[in-house]
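This is what each chain is made of:
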Amino acid sequence: MGALFPARTKFRKHQRRRVRGMASRGAALYFGEYGLQCLDCGHLTTNQIESARKALTHHFKRGGRVWLRVFADKIITGRAAETRMGGGKGAPLGYVIPVRRGKIIFEVAGIALEEAKEALRLASFKLPVATRFVEKA
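Predicted model, so just to flag it, every value in this text is computed and none were measured.

**Q** Break down the side chain of Glu-107 for me, citing the residues and quoting the values.
**A** The residue Glu-107 is located in strand β6 (residues 104–109) in this model. Judged by relative accessible area, which is 0%, Glu-107 ranks as buried. In terms of polar contacts, Glu-107 uses its side chain to reach the backbone amide nitrogen of Phe-31, at 2.7 Å. Polar side-chain contacts of Glu-107 include one of 2.6 Å to the backbone nitrogen of Gly-32. The contacts of Glu-107, once residues within four sequence positions are left out, are Ala-28, Leu-29, Tyr-30, Phe-31, Gly-32, Tyr-34, Gly-35, Arg-65, Val-66, Trp-67 and Arg-69.

In structure tokens form, the structure reads like this:
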């Protein structure tokens, strides 16, 4: 598994913006048989995604295949606590993934249906957005 954030970016700091609406791309299963689909809009951090991925693979015990369908390419910044106003934008803290409703986060294959349901349920607890289990039609 490669890094969950880009090696280089065009800009050091991004504007935050709101995440809303339905996902126009990445809303269907392409690689695996089962998937975890977002039901809310929001931001996922690299730590949350990695934690969910670990929970998923730990439940498989070396079986199955996992595809990560999201990539953290947005920089999030922050100021120190109890800092006065002014002084410019805060320093970069890390990377996030803006996700919309309908976006597939994980796809899995090579395991039984019940096993996949349980593994994706455990992974969903690690994420700050509501998700649902989907399977290929």
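**Q** Can you break down the sheet that holds strand β5 (residues 91–99) residue by residue, with the values?
**A** Two modes of strand pairing occur in sheets, parallel and antiparallel, and in both the strands are linked by backbone hydrogen bonds. With antiparallel pairing, three strands are arranged side by side in an open sheet as β2-β5-β4. In this open sheet, the two edge strands, each paired with only one partner strand, are β2 (42–45) and β4 (74–78). Strand-to-strand twist of the sheet, defined as the mean angle between neighbouring strand axes without regard to direction, takes the value 55 degrees. Sheet topology note: the β4/β5 ladder contains five bridges and is antiparallel. Residue Ile-76 lies in a different strand from β5, and its bridge partner there is Gly-94. Of the strands in this sheet, β2 and β5 touch helix α1 (residues 46–60), which is tilted by about 70 degrees from β2.

**Q** Account for the side chain of Arg-69, naming residues and giving values.
**A** By secondary structure assignment, the location of Arg-69 is in the loop between β3 (65–68) and β4. If sequence neighbours within four positions are ignored, Arg-69 has contacts with Gly-26, Ala-28, Leu-29, Tyr-30, Phe-31, Lys-103, Ile-104, Ile-105 and Glu-107.

**Q** Go over the sheet that holds β3 with me, naming the residues and quoting the values.
**A** Spatially, β3-β6-β1-β7 is the arrangement adopted by the four strands of the open sheet, whose pairing is antiparallel. In this open sheet, the two strands that pair with only one neighbour each are β3 and β7 (131–135). Along the sheet, successive strands turn relative to each other by an average axial angle of 20 degrees, direction set aside. As paired elements, strand β1 (residues 34–38) and β6 share four bridges and run antiparallel to each other. Across the sheet, the residue bridging to Gln-37 is Ile-104, located in β6. Where α1 meets the sheet, it contacts β3 and β6, and its direction lies at approximately 15 degrees from that of β6.

**Q** Got a sec to walk through the packing of aromatic side chains? Specific residues and values, please.
**A** With the rule as written, the count across this model stands at three aromatic pairs. On the basis of an interplanar angle of 10 degrees and a centroid distance of 5.4 Å, the ring pair of Phe-5 and Tyr-95 is categorised as stacked. Of this pair, Phe-5 sits in the segment before β1 while Tyr-95 sits in strand β5, and the two are 90 residues apart along the sequence. Classification of Phe-5 by relative accessible area gives partly exposed; the value is 43%.

Cut-offs applied
- Residue positions are given per chain, counting from 1 as you read along its sequence in written order.
- Since the coordinates come from a predicted model, pLDDT governs what is reported: local features require at least 70, and pairs of side-chain atoms require 80 or more to be given and counted, while whole-chain, interface and lining totals use all residues.
- Side-chain calculation: all heavy atoms of the structure are included, whereas hydrogens and water are not.
- By definition, any uninterrupted DSSP run of H or I lasting at least four residues is a helix, any uninterrupted run of E lasting at least two residues is a strand, and each is numbered from the N terminus.
- Each residue gets one of three labels from its accessible area relative to the maximum for its type: buried under 20%, exposed over 50%, partly exposed in between, using a 1.4 Å probe on protein chains only.
- Think of a polar contact as two N or O atoms within 3.5 Å of one another; within protein, one of them needs to be a possible hydrogen donor and the other a possible acceptor, and neighboring residues in sequence only count if both atoms come from side chains.
- Working rule for contacts: check all heavy atoms of both residues, and any pair within 4.5 Å makes them a contact.
- Paired strands, as defined in this entry, are two strands with at least two bridges between them according to DSSP.
- Note on method: axes are straight lines fitted to C-alpha atoms, helices fitted across the in-contact stretch only, with angles between N-to-C directions ranging 0 to 180 degrees.
- Centres within 6.5 Å make a pair out of two Phe, Tyr or Trp rings, where for Trp the six-membered ring is used; the pair is then stacked when the planes are under 30 degrees apart, edge-to-face when over 60, and tilted otherwise.

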